[in-house]
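# Coordinate inspection notes
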Amino acid sequence: MDENTLAQRLSRATFGGVVVGGLLVILSSCATTQQAEPVRLVWPAPPLTARVEFVRSIVSDEDLAHDTTFSQKLVSFLSGEKPAPNRIVEPTGIAVSDDGQRVYISDFARLAVYVFDFGSKTFTKIGEHEQLARPVGLALDAREQLYVVEQEKKGISVFDRQGRKIQFITDPGIERPSGIAIDRERGKIYLADTSHTKSQNHDIKVFTMDGKLTATIGTKGSGPGQFLFPTYVTLDPQGNLYVTDTLNARVQMFDPDGKYVKTYGSRGNGWGMFDKPKGVALDSFGNVYVADSGWSNVQIFNQKGQVLIFFGGRGPLPGMLKNPTAVTIDKNNRIYVADYLNHRVEIYQLVNTTANDSFLNSTSQTRGGDVVSDKQEAVITRADEAPSTTTRGIKQ
């Protein structure tokens, strides 16, 4: 594609109701230099300190061969590049190995789990010989055995490192399982049973590692500790459980004994509110990340339940989201989001952040010296200079 054609397409491109003409200035200037400079997508906008940076997309096994920049992904998107055969279609679950080298992605439509090993540059497909029954949530134990929630089988299939099925966990009370989390220290498996409209079994089921059901958490309802279509779960290092209570538009926290502790968010279209929260994860500072399928963004809360920023925003361009589902965070605070309707997994990095940045000043509404705004922006910049143009990641 020549420079003029690229410029024309960029000038017409829109996402989330926002014109991305600002990209035109950046990429056109890059095109005039002998070697294009990398482009960064960051949140929030200056003069605030960047906290989240878009890193890359995982679309297919071809992404193992090269780590493309944001600008390269953008050009591929705009040029209508044909997808690879082993491309992601409907990602609904993500797990990452402890060393950050292997990314496991469940695909609800492909009836498989894709394993991307970025260390060895190899690709494996669990379900290639025997299709999985609508895989959703994923989790790994200490031996990196993979636990896959198979929704149609109403249970959890366990696979060893070689992809061999070694165990199946189920119970007659399971109706429509979705998310899963493993408490390695306490030997517990938490399974979110999303259930059905007429059922009363909207709850979290607790299993031992050998598959014995020992408890259930919650009942159907809208009160504290109750659920209406719970979908995803995660744990903090202390064993506290976080549940996305999707149709109650909130996230609920429970202690290791299953007792209700507190709620994050509520229904609405304002700062810190949800439409359809799905994936939930925590970074190393204890901040809670919630992917909202309705608003197509990820909001970050501190442990007090105060919202810090959001990133993403509805759109098809790299770094933007369309109805995200799962989210997970590795030990290096790299953030993985299942971008459901864009058929990919988007990867971001938490940057310029310490534990002190998780606290809001109640009088000045500042975080880490930055003014908190209800109109946070995504900023696209060259990697070696200050941002000059912005595109908003507005919730829609």
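In what follows, the accompanying structure is described. (Residues numbered from 1 in each chain as written. Predicted model: local features only at pLDDT ≥ 70, side-chain atom pairs only at ≥ 80, totals over all residues. Heavy atoms only, no water.)

Across its full length, the chain carries three helices and 31 strands. Here the chain holds 396 residues, and the buried ones make up 57% of them. Put simply, 48% of the contacts in the chain that link residues at least 6 apart link residues at least 24 apart. A total of about 16,500 Å² of accessible surface is found on the chain, and carbon and sulfur atoms cover 48% of it. (Helix = DSSP H or I, 4+ residues; strand = E, 2+ residues; numbered from the N terminus. Buried < 20%, exposed > 50% of the residue type's maximum accessible area, 1.4 Å probe, protein only. Contact = heavy atoms within 4.5 Å. Areas by Shrake-Rupley, 256 points an atom, 1.4 Å probe, with all protein chains shown as cover.)

Once that is clear, we can look at unusual backbone geometry. The peptide bond linking Trp43 to Pro44 adopts the cis configuration, its omega dihedral lying at -10°. The residue Pro44 is located in the loop between strand E3 (39-43) and strand E4 (52-58) in this model. For Lys121, which is not a glycine, the phi torsion comes out positive at approximately 60°. Positive phi, normally seen in glycine, also occurs at Ser195, with a value near 65°. Among the structural elements, Ser195 can be located in the loop between strand E14 (188-193) and strand E15 (203-208).

Another aspect to go through is the layout of surface pockets. Rolled over the atoms, a probe with the dimensions of a water molecule shows which regions are left empty. Reported here for the largest pocket is a volume of approximately 1,100 Å³. Surrounding the largest pocket, 41 residues form its lining, Ile182, Thr234, Leu235, Thr328 and Ile329 being those nearest its centre. Contributions of two or more residues to the lining of the largest pocket are made by strand E5 (91-96), strand E9 (135-140), strand E13 (177-183), strand E17 (230-235), strand E21 (277-282) and strand E25 (324-329). Here the lining of the largest pocket is built from residues that sort into 19 nonpolar, 13 polar and nine charged. (1 Å grid on protein atoms, 1.4 Å probe; cavity = no way out; pocket = protein on both sides within 12 Å on 5 of 7 lines; lining within 4 Å. Points joined across faces, edges and corners; volume = space filled by probe spheres on them. Nonpolar A, V, L, I, M, F, W, Y, C, P; charged D, E, K, R; others polar.)

You can see Trp271 is positioned in the loop between strand E20 (260-264) and E21. Exposure remark for Trp271: the relative accessible area of 25% places this residue in the partly exposed category. Along the primary structure Trp271 and Leu308 are separated by 37 residues, whereas in three dimensions their C-alpha atoms are 9.3 Å apart.

This next bit is on the sheet that holds E14. Spatially, E13-E14-E15-E16 is the arrangement adopted by the four strands of the open sheet, whose pairing is antiparallel. Since the sheet does not close on itself, it has two edges, and those belong to E13 and strand E16 (213-217), each with one partner. The average angle at which neighbouring strand axes cross in this sheet is 20°, direction not considered. Sheet topology places E15 next to E16; four bridges connect them, and they run antiparallel. Bridge pairing links Val206 to Ala215 in E16. (Pairing = 2+ DSSP bridges. Axes fitted to C-alpha atoms, helices over the stretch in contact; angles between N-to-C directions.)

Okay, the pattern of salt bridges next. Applying the stated criterion across every chain, the model contains 17 salt bridges. Of the charged contacts, one joins Glu150 and Lys153 as a salt bridge, the two residues approaching to 3.9 Å between their closest N and O atoms. Judged by relative accessible area, which is 1%, Glu150 ranks as buried. Among the ionic pairs, Arg344 bridges to Asp339, the shortest N-O distance being 2.8 Å. Connected via shared salt-bridge partners are Asp99, Arg102, Asp117, Glu144 and Arg161. (Salt bridge = Lys/Arg side-chain N within 4 Å of Asp/Glu carboxyl O.)

Note that Thr234 resides in strand E17. Beyond its immediate chain neighbours, meaning those up to four positions away, Thr234 contacts Ala181, Asn240, Leu241, Tyr242, Val280, Ala281 and Leu282.

A word on the sheet that holds strand E24 (residues 307-312). In space, the four strands of this open sheet follow the order E21-E22-E23-E24, with antiparallel pairing throughout. Two strands close off the open sheet at either side, each with one partner strand: E21 and E24. Each adjacent strand pair in this sheet contributes to an overall mean axis angle of 20°, direction not counted. Sheet topology note: the strand E22 (residues 288-292)/strand E23 (residues 297-301) ladder contains five bridges and is antiparallel. Residue pairing across strands places Ala291 opposite Val298, the latter belonging to E23.

Once that is clear, we can look at the environment of Ile94. On the secondary structure map, Ile94 appears in strand E5. Sequence separation between Ile94 and Val327 is 233 residues; the distance between their C-alpha atoms is 6.8 Å. Aside from chain neighbours lying at most four places away, what touches Ile94 is Val103, Tyr104, Leu138, Ala326, Thr328, Tyr336, Val337, Ala338 and Val345.

So, about the side chain of Gln349. Relative to the helices and strands, Gln349 is located in strand E27 (residues 344-350). Here Gln349 falls in the buried class, since its relative accessible area comes to 16%. For Gln349, the side chain forms a polar contact with the main-chain oxygen of Asn333, separated by 3.2 Å. A polar contact of 3.0 Å, which involves the side chain of Gln349, links it to the side chain of Arg334. Gln349 has contacts with Arg51, Val52, Glu53, Val55, Asn332, Asn333, Arg334 and Ile335, leaving out every residue within four places of it along the chain. (Polar contact = N/O pair within 3.5 Å; in protein donor to acceptor, adjacent residues only side chain to side chain.)

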